[in-house]
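In case you want the letters, here they are:
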Amino acid sequence: MLGAGAPEAALLGLLGLLVGSFLNVVIHRLPKMMELHWAAECAELHPENATASDTAAATAQPFNLMVPRSRCPHCGHQIRWFENIPLFSYLALRGKCSQCAAPISARYPAVEVTCAALFAWCGWNWGGSWEALAWCGFSAAVLALACIDWDTTLLPDDITLPLLWAGLCAAGLKLTDTALPDAVWGAVGGYLSLWLVYWAFKLTTGKEGMGYGDFKLFAALGAWFGWQALIPIILMASVIGAVIGIAIKFRGELREGGYVPFGPFLALAGLTAMIFGPSAILAVIGL
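Since this is a predicted model, take the numbers as computed values, not measurements.

Q: I would appreciate a short explanation of the pattern of salt bridges in the present structure.
A: For the structure on display, the rule yields 4 salt bridges. D157 serves as the salt-bridge partner of K216, at 2.8 Å between the closest nitrogen and oxygen. One end of the pair, K216, is in helix 8 (residues 212–225); the other, D157, is in helix 6 (residues 157–172), and 59 residues separate them in sequence. For K216, a relative accessible area of 18% puts it in the buried group.

Next up, the structure:
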């Protein structure tokens, strides 16, 4: 194991830029892949009720994380390799498509820089160790989930379930400070606690206050941090959600229906717990 410090932080930060670029692909494509899969299943199981879009999805060309190659959504220009270098290409192109000069969303470099910063912090804190790589994987998964849920209100099983199992495996391999029994009960408690809240709210109001993806994400956080961290994490997520929700309401930017997805706030609370520790969360919110 290498000592924690600047060299490891720099190397993992560079890796984080590359992973962040890939996360942008995941964030954009994974929800679309899920929608195409659902439409294809509908067309296969109930062809008599299939819409034209369902039928088209069933016969569509391959669409996954690898193909087709990335293109400008405005003019269809195929992104060349030197236009796809994390962060640097965005700066060199001044945030515009090289073909049609349409603006490129600033969230692309923001995700890359955020991922790089999280990876660098893991390198600084844990050095060149398996623990650092484990927490880098946690950071990447949580960052992707936060962005996907914010965009689509979806928390894909393709990420939440591997994240949960990775937390249990990391505890079993002693890559985290969480004992394996605490990780198991953290996963159980995380899922059941929000499941009970969901049904209490639905039986009382007749409405659904959250989705099952939130249960799975909270279970994954419980696996990584242990059952003792569940209360600090949910409190921090609630505080972050309340502050951002109020700000969005005052700016008049609430979505149709007035909802705000809860997953991004759980993700932010999880990253806060990674950086400062669950006990520090209670101190921050005055408990």
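Q: Can you help me understand helix 9 (residues 230–250) in this one?
A: Within an α-helix, residues lying three or four positions from one another point in the same direction, as the helix has 3.6 residues per turn. Its 21 residues place the ends of helix 9 30 Å apart at the C-alpha level, agreeing with the 30 Å of an ideal helix rising 1.5 Å per residue. Every buried residue of helix 9 is accounted for by L230, P232, I233, M236, A237, I240, G241, G245 and I248. Immediately downstream of helix 9, the backbone of G252 shows phi near 70 degrees, a positive value.

Q: I tried to follow the environment of G16 on my own but got confused; where do I start?
A: Its place among the elements puts G16 in helix 1 (residues 6–45). Residue G16 is classed as buried on the basis of its relative accessible area, which comes to 0%. Each C-alpha atom, one on G16 and one on V113, is 7.8 Å from the other, the two residues being 97 residues apart in sequence. With near-sequence residues (within four places) excluded, G16 lies in contact with E112, C115, A116 and F119.

Q: Before we go on, may I ask you to explain helix 8 in this structure?
A: Helix length check: helix 8 (14 residues) gives 20 Å between terminal C-alpha atoms against 20 Å at 1.5 Å per residue, within 8%. Counting buried positions along helix 8 gives 13 out of 14 residues, so the element sits mostly inside the fold.

Q: Any chance you could explain the environment of I85 here in plain terms?
A: You can see I85 is positioned in the loop between helix 2 (52–58) and helix 3 (88–92). Linking I85 and L17, residues 68 residues apart in sequence, is a C-alpha distance of 9.2 Å.

Q: Is there a simple way to think about the packing of helix 5 (residues 130–152) against helix 6 in this case?
A: A pair of packed helices can be characterised by two numbers: the angle between their axes and the separation between those axes. In contact at an axis separation of 10 Å, helix 5 and helix 6 are set at 150 degrees when each is read in the N-to-C sense. With respect to helix 6, the axis of helix 5 lies roughly antiparallel. Viewed along their axes, helix 5 and helix 6 form a crossing whose handedness is left-handed. Contacts between helix 5 and helix 6 involve F138, A141, V142, A144, L145 and I148 on the former and, on the latter, I159, T160 and L163. For the contact of helix 5 with helix 6, a count of residues per class yields 8 nonpolar, 1 polar and no charged.

Rules used throughout
Residues numbered from 1 in each chain as written. Predicted model: local features only at pLDDT ≥ 70, side-chain atom pairs only at ≥ 80, totals over all residues. Heavy atoms only, no water. Salt bridge = Lys/Arg side-chain N within 4 Å of Asp/Glu carboxyl O. Helix = DSSP H or I, 4+ residues; strand = E, 2+ residues; numbered from the N terminus. Buried < 20%, exposed > 50% of the residue type's maximum accessible area, 1.4 Å probe, protein only. Expected span 1.5 Å × (residues − 1). Contact = heavy atoms within 4.5 Å. Axes fitted to C-alpha atoms, helices over the stretch in contact; angles between N-to-C directions. Parallel < 35°, antiparallel > 145°, perpendicular 65-115°, else oblique. Left-handed = near helix turned anticlockwise from the far one by under 90°. Nonpolar A, V, L, I, M, F, W, Y, C, P; charged D, E, K, R; others polar.

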